[in-house]
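Observations on the model geometry
Here is how the chains run, residue by residue.
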Amino acid sequence: MTAPVEPSHLTSHLGFWLRFVSNHVSHAFARKLEDRDVTVAEWVLLRELYDVDHIAPSRLAERMGMTRGAITKLADRLIAKRLVSRRANPDDARAQTLAITPAGQWLIPELSALADRNDAEFFGHLAPAEREEIERLLKEIIARRGLTAVPVS
């Protein structure tokens, strides 16, 4: 009978450290957004809508790597907050599109500044070359793994 192999420790995994930092960055950002009555997922959807005139929920779901049902739930919450509108698709009356409202457009620069500040709080101490290297390595992992879903939580 062979002796059992000693299991690796949590901290010996790079994934542990990535998750550790990611959780702290995400939670700090979520706390900043709470003051604006917006969740991280809602921020991501709003930011996606900011650059388009209007978009079909199915197309938005594809872009964000989410289900149409999840997009509908997020959109419903943002519609209730008057940050997003839903209207008939001008090309297909059976379909609908989503668009950011003027209130949503006005809010995006403020939320973006919060995101920038959150990034600076966590990564501002890094030299530009260090930051670029981390970003390059993470993008390489994303490309190799074919990852497409936008992180929303």
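Read on for an overview of the structure. (Residues numbered from 1 in each chain as written. Predicted model: local features only at pLDDT ≥ 70, side-chain atom pairs only at ≥ 80, totals over all residues. Heavy atoms only, no water.)

**Side note on the environment of Asp-119**
The test is simple: Numbered from the N terminus, helices here are DSSP runs of H or I no shorter than four residues, and strands are runs of E no shorter than two. N or O atoms within 3.5 Å of each other form a polar contact, as long as, within protein, one can give a hydrogen and the other can take it, and as long as residues adjacent in sequence are counted only when both atoms are side-chain atoms.
Positionally, Asp-119 belongs in helix α5 (residues 102–123). For the pair Asp-119 and Val-25, spaced 94 residues apart in the sequence, the C-alpha separation amounts to 7.7 Å. There is a polar contact of 2.8 Å between the side chain of Asp-119 and the side chain of Arg-131.

**Quick look at the packing of helix α2 (residues 40–50) against α5**
Cut-off, in case you're wondering: For helices, the fitted axis covers only the stretch in contact; all axes are lines through C-alpha atoms, and the angles between them, taken along N-to-C directions, range from 0 to 180 degrees. The cut-offs work like this: below 35 degrees is roughly parallel, past 145 is roughly antiparallel, 65 to 115 is roughly perpendicular, and the gaps in between are oblique. For any helix crossing, the convention is left-handed if the near helix is rotated counterclockwise from the far helix by under a right angle, and right-handed if that rotation is clockwise. Whether two residues are in contact is decided by their heavy atoms, any of which lying within 4.5 Å being enough. For this scheme, ten residues count as nonpolar: Ala, Val, Leu, Ile, Met, Phe, Trp, Tyr, Cys and Pro. Four count as charged, namely Asp, Glu, Lys and Arg, and the remainder, Gly too, count as polar.
Put simply, α2 and α5 touch, their axes get as near as 10 Å, and they point 120° apart. For the element pair α2 / α5, the angle class is oblique. For the element pair α2 and α5, the recorded crossing hand is left-handed. In this structure, α2 uses Trp-43, Leu-46, Arg-47 and Tyr-50 to contact α5, whose residues at the interface are Gln-105, Ile-108, Pro-109, Leu-111, Ser-112 and Ala-115. Of the residues contributing to the contact of α2 with α5, the split by class is 7 nonpolar, 2 polar and 1 charged.

**Digging into the packing of aromatic side chains**
We count it as follows: For Phe, Tyr and Trp, rings pair up if their centres lie within 6.5 Å, where Trp contributes its six-membered ring, and each pair is then called stacked (planes under 30 degrees apart), edge-to-face (over 60) or tilted (otherwise). Burial classification: accessible surface area is computed with a 1.4 Å probe over protein chains only, and a residue below 20% of its type maximum counts as buried, one above 50% as exposed, and the rest as partly exposed.
Evaluation of the coordinates by the stated rule reveals 5 aromatic pairs. On the basis of an interplanar angle of 85° and a centroid distance of 4.9 Å, the ring pair of Phe-16 and Trp-17 is categorised as edge-to-face. On the accessibility criterion, Phe-16 (27% relative accessible area) is partly exposed. Both rings, one in Phe-16 and one in Phe-20, keep their centres 5.9 Å apart while their planes meet at 40°; by these two values the pair is tilted. Of this pair, Phe-16 and Phe-20 are both found in helix α1 (residues 14–34), 4 residues apart, which corresponds to roughly one turn of the helix. Three or more aromatic residues joined by ring pairs make a cluster, and in this case those are Phe-16, Trp-17 and Phe-20.

Read these as geometric descriptors, not functional statements.
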